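Topology and contacts: notes
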Amino acid sequence: MLAKAVFSHYRRHPVQLLALVVMITLATMLWTGVSVLTDQARVSLAESEAAVAGRQQVVRSDGQAVTVNDFALLRTQGQCVAPWLEVQRPGAEGRVIGIDPLALGCFGGAVPGGTAGEQLGAPFMDISEAVSLAREQGYDSRLSLLMPDNVTLLPVGYRAQDFSMGPATGELADSFLLNLDALSVLVLLITGLLVRSVYRLGLAQRRGSFALLQRFGVPWGRLQWLLVLELVLISSLAIMPGLWLGSQLAGLLGGGFAQALDGLFDVTLYAGSQTAVPWSALWIMLALVMLVCLSDWLLPRHWQRGMRAKRLWRWLLPALALGVGLLLVALAPALWWVFAGTTLVLLGVGTLTPVLLAALADGLGNRSLHPLGRWRLRELAVMLRQLALPVVALQLAVATVLAVQALVTTFEATFDDWLDQRLAAPFYLMVPEDADGHRGAQLLAELDGVGPWQRVIGGRVSLLQDSGQRLPVDLFAVAPIGPLLDQWQLLDSLPQPWQRLEEGGLMVNEQLARRQGLRPGDSLTVRLDEQQIEGQIAGVYADYGRPAGEVMVSADRLPEDFSGTSESLSITPGEHSIQAIQRDLEALWGVDNLSVNDNASIRQLANRVFDQTFMLTRAISVLTLALAAVSLLIMGWVFFTTRAWTFQLLRVWGLPLQGVRSQLRRLAVTLTLAVAVAALPLGIWLTWVLVSRINPLAFGWSLPMAVYPLFWLELGVLCAGIGLVIGLLMHRQLKPGAPPPVSASGITGEER
Amino acid sequence: MVTVEQLGKGFTSAGEPVPVISGLSFQVSRGASLAVMGRSGSGKSTLLNLLCGLESPDRGEISLGEHRFATQNPAGAERDAQWAQLRCSTIGVVFQEANLMPALTLADNVRLRAHLAGQAPGAEQQWLERLGVGDLGQRFADQVSGGQRQRAALAMVFAMKPALILADEPTGSLDRHTADAVADCLFAVQQETGCTLLLATHDGLLAGRCDQLLDLSRPHDHG
Ligand SMILES: Nc1ncnc2c1ncn2[C@@H]1O[C@H](COP(=O)(O)OP(=O)(O)OP(=O)(O)O)[C@@H](O)[C@H]1O
Ligand SMILES: [Mg+2]
């Protein structure tokens, strides 16, 4: 009986129930979508890296390409090897890979290419088919011999080498995923606000009937239990479809992602098609809904009353949260401090923004000499106070979009720079182990008309620290110091850093500089096998690829007999063809079939993966914005039903209908524009947190902080558009034939 | 000042036509006051809404000074614009409740209304004082009593210096004593400014203070 009385509210207000259900469903959908995507992207990238990094191949020590004869020889010697024939089809068809499922038998569980290899699905086919395809069509093909990574002994004349088909984007991807995590927390917060705003609206309307029931002797505690029960029921019903929709959304967005990954790594790594419903999201959403809707009860009642009464608390508490949050983020020694601080800042900003904006509007109103302008500003203040929650949700959503846009654009630019840096020159070729890289470099130096080129030697060395200990670091030795290094981003440097490098200086990457507290001008001692190199640090360069510290020196300073782990030549062919240069080097080193890598295609592949990921992130942030806009519309509509009479009053006072409507539109547009302006500093701060706080703490390097004023402008226009749409829809409540305001349903202080 | 001829107005409710006013004719001269009486639902409010153009008549003609409104003449937007112009500076409307913008103080309400009517600013305090709420100018509508709100509403109407005041039960929600005091003010200022007053009311005493009486409950044959 009592339950019936309590629940009957939604029977009388089905739209409110619908709005609440829709909000919870959409919130669940968004959050599930984001978290499923992030999880899957994380798994996929981890797998892809394992697939790339874990694979080994057999190569000939003399640098010659392996042939079918090598395969036969190795097999007869009892080695476990399997052929892998890449056939490059032109254009969009892409490459196919011929494999021999029988030969893969000895790999046991660790089959290269994952299970896809066994099933011979695209891009895999039987090796005999691949061979005939290559022969008949005349396509380029390349044979590799794969081996399990646990094999150590190989016959003389062969050695093991990492088998990699794309650039290892490792840390950059990880960093991006962490930021995606941060984004999903933000999305959770925003949707929480939206759910709360809809629920509190209903609760406010039910206050009267609760008071009545209490007067009839129903204890408040029992009412509370009924409300909790009701909310659990409603949210469980609403969360279920949300979970399903969320995994559908993830599948939809993930499809493109999966394709890009397939293209890059030749294996079906992304499990996006078989999205399982994440049940953990059910509990998280349920807890969230309970928390945001009923959190007021957690505070003792006299506190609540006190806080409502004392204006000071309304300012002081959020201001305190804001201050502490900013401090936490700025000083954070660990990642979770940043997250906690950010939450505090968002709470503080969220509470303060409507209050501050309303106070501002009131203040401006008092100053306005134009009576209609004063009325508009006062009305704006009322709207800001009454629609505080959806307004804040919109503000956070706009800030998120801003931050994500800046982040994504920065990532894109940075990733591009990083590829420029590591893939300088159009081509590069690995120097075979037995070949003399120095002679190869000489050949290039004497070649007229060749474009910029450089020789790069990688190795492991150690830094001699003051304490006498040795710190292992990577070595990046390059010569000549030329135009190919122009792409390198120096974060900090002495004057003429490249000249200093050529003359014996050193450079370190950002990771190493941060970890060891190194600065340009410091002296450093690098220990090679026998000798050591000393020098001054000429610059610190950005290096987004890996966690490892790295020292860069001029290759000319290395001793002749230095044995690095890898050596390559980056070449711009200039007036020559790359084939001609390749032939010259093959002749010089006495090998045939040197493999030349085309940097453009590597870059293209890598970009495709990132494009997809970025698109996905943008899609999520824009969806959040749309959700916030829709909720502002719903709340605005409900609010306006109690407010339309004041606009009718203007009509009674002789403003033509068009004039009244234009006032309404101006008000709505001013509201959303004010929200956009309030979101701007928050968005910039969030960007800063993502690139300058979260990244260094998680990975040791920061991304360059960039701002995009043009995008701010776009977002401002978008917000004005949202306001305009809201205003235009509100017109419906101002019909020409609408009755004049014969009675205002009880004028209370809440109306201003 | 106000001439109404053969006015007819009905509504459709649940598909059924409901005639409210039919064949109504009357005339009020400049500076006079007319009380519109009748039981609830007899069409008092409807009549006042017709007289300020918030509703359109089905039949008949309304003349206000030199403005004449027949059923289709003027038509459409032109008609709306003319009525809006009249409501803006010539016709002051007072309802039983909800005459003030809740977001503005009483003084700001008066100033806004006067501004819309094209009156110079600065007289609002004077009008508030004239109606006995001079010390409440800085308060908001929810911070004063119902009687004080209606006084402020009258101050707003007078501040626009109208030629015609349409008052729909302006004292309807007030107690006898307050109602009389508000009515005193209303009639005093009406006399003083010489504007025409049309007053819809249930209240026989209030109606008795008007020059003319129109009872909508009876067949319409008044002049
Ligand atoms: N917009 C409308 N749609 C349908 N019927 C209406 C509309 N406005 C008024 N009516 C009907 O017209 C009749 C007259 O209404 P009106 O408000 O003019 O009465 P009234 O004399 O002012 O009554 P009261 O003394 O209660 O204010 C009523 O029966 C009412 O139901
Ligand atoms: Mg009425």
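Residues numbered from 1 in each chain as written. Chains lettered and ligands numbered in written order. Predicted model: local features only at pLDDT ≥ 70, side-chain atom pairs only at ≥ 80, totals over all residues. Heavy atoms only, no water.

**Details of the nonpolar core**
Counting 211 residues, the largest nonpolar core has Val2(B), Phe26(B), Leu51(B) and Leu198(B) as the members making the most contacts within it. At 18 residues, the largest contribution of residues to this core is made by helix α13 (residues 388–422) of chain A. Taken domain by domain, this core gets at least three of its residues from each of domain 1 (1–55 + 190–298) and domain 3 (302–425 + 597–736) of chain A. If you look at the next biggest cluster of nonpolar residues, it comprises 23 residues, including Val508(A), Ala513(A), Leu518(A) and Leu524(A). (Core = buried A, V, L, I, M, F, W, Y, C linked by side-chain atoms within 4.5 Å. Buried < 20%, exposed > 50% of the residue type's maximum accessible area, 1.4 Å probe, protein only. Helix = DSSP H or I, 4+ residues; strand = E, 2+ residues; numbered from the N terminus. Domains from an automatic or database assignment.)

**Remarks on the sheet that holds strand β3 (residues 33–37) of chain B**
Residue and element names in this part refer to chain B. Ordered by their spatial adjacency, five strands build an open sheet running β6-β7-β8-β3-β9, and the pairing between neighbours is parallel. Strands at the two margins of the open sheet, each flanked by one partner only, are β6 (91–94) and β9 (212–215). Sheet twist, expressed as the mean angle between neighbouring strand axes with direction ignored, is 15°. Sheet topology places β6 next to strand β7 (residues 164–168); four bridges connect them, and they run parallel. In the strand pairing of β7, Gly92 is matched with Ile165. Taken strand by strand, helix α5 (residues 146–159) contacts β6 and β7, and its axis lies near 170° from that of β6. (Pairing = 2+ DSSP bridges. Axes fitted to C-alpha atoms, helices over the stretch in contact; angles between N-to-C directions. Contact = heavy atoms within 4.5 Å.)

**Topic: the domain arrangement of chain A**
The figure often quoted for interface size is the accessible area lost as the parts come together. Residue and element names in this part refer to chain A. Its domain assignment divides chain A into domain 1 (1–55 + 190–298), domain 2 (57–163), domain 3 (302–425 + 597–736) and domain 4 (452–571). Taking only C-alpha atoms into account, the centre of domain 3 sits 44 Å from that of domain 4. Between domain 3 and domain 4, the residue contacts involve 15 residues of the former and 18 residues of the latter. Of the roughly 1,400 Å² buried where domain 3 meets domain 4, counting both sides, 54% is carbon and sulfur surface. Contact with domain 4 buries area across many residues of domain 3, yet Gln421, Arg422 and Trp701 alone supply 40% of it, more than any other trio. (Buried area = accessible area lost by both parts, 1.4 Å probe.)

**Brief notes about the sheet that holds strand β1 (residues 2–13) of chain B**
Residue and element names in this part refer to chain B. Taking strand neighbours across the sheet as the criterion, the four strands line up as β2-β1-β4-β5 in an open arrangement whose pairing is antiparallel. The sheet is open, and its two edges are formed by β2 (16–28) and β5 (67–69), each paired on a single side. Between one strand axis and the next, the sheet turns by 20° as a mean value, whatever way the strands run. As paired strands, β1 and strand β4 (residues 59–64) are joined by five bridges and run antiparallel to one another. Bridging from a neighbouring strand, Glu5 pairs with Glu61 of β4. Against the sheet, helix α2 (residues 76–89) makes contact with β4 and β5, and its axis sits at roughly 135° relative to β5, the strand it touches most.

**Quick look at the environment of Gly363(A)**
Residues and elements named next belong to chain A. Summarising the element assignment, Gly363 is placed in helix α11 (residues 335–367). For Gly363, a relative accessible area of 33% puts it in the partly exposed group. Measuring from C-alpha to C-alpha, the distance between Gly363 and Ala381 comes to 9.6 Å, with 18 residues separating the pair along the chain.

**Section: the packing of aromatic side chains**
Inspection of every chain in the model, using the stated rule, returns seven aromatic pairs over all chains. Ring centres 6.0 Å apart and planes at 20° place the aromatic pair Trp127(B) and Phe158(B) in the stacked group. Here Trp127(B) is found in helix α4 (residues 124–130), whereas its partner Phe158(B) is found in helix α5, with 31 residues between them in sequence. Feature note: the residues Phe476(A), Trp488(A) and Tyr541(A) constitute an aromatic cluster, connected by ring pairs. (Phe/Tyr/Trp six-rings, centres within 6.5 Å; stacked < 30°, edge-to-face > 60°.)

**Concerning the environment of Arg385(A)**
Residue and element names in this part refer to chain A. Looking at the secondary structure, you find Arg385 in helix α12 (residues 371–386). Take Arg385: its relative accessible area is 37%, and that puts it in the partly exposed class. C-alpha of Arg385 to C-alpha of Arg693: the two residues are 308 residues apart in sequence and 33 Å apart in space. A polar side-chain atom of Arg385 sits 3.2 Å from a polar atom in the side chain of Asp362. (Polar contact = N/O pair within 3.5 Å; in protein donor to acceptor, adjacent residues only side chain to side chain.)

**Description of the side chain of Asp108(B)**
Checked against the element boundaries, Asp108(B) lands in helix α3 (residues 106–116). By relative accessible area, Asp108(B) is classed as buried at 6%.

**Comments concerning the interface of chain B and chain A**
With 28 residues of chain B at the interface, the matching set in chain A holds 29 residues. Surface buried jointly by chain B and chain A totals about 2,700 Å² across both partners, of which 68% is contributed by carbon and sulfur atoms. For the chain B face of the interface with chain A, the top three residues by lost area are Ala98(B), Met101(B) and Pro102(B), together amounting to 21%. Linking chain B with chain A are two salt bridges, by the criterion used here. One salt bridge connects Asp108(B) with Arg374(A), and the closest N-O pair in it is separated by 2.7 Å. Between the two partners, chain B and chain A, sit three residue pairs in polar contact (both at pLDDT 80 or more). Mapped onto the side of chain B that touches chain A, the elements with two or more residues apiece are α2, α3 and α5 of chain B. A class-by-class count of the residues in the side of chain B that touches chain A yields 15 nonpolar, six polar and seven charged. (Salt bridge = Lys/Arg side-chain N within 4 Å of Asp/Glu carboxyl O. Nonpolar A, V, L, I, M, F, W, Y, C, P; charged D, E, K, R; others polar.)

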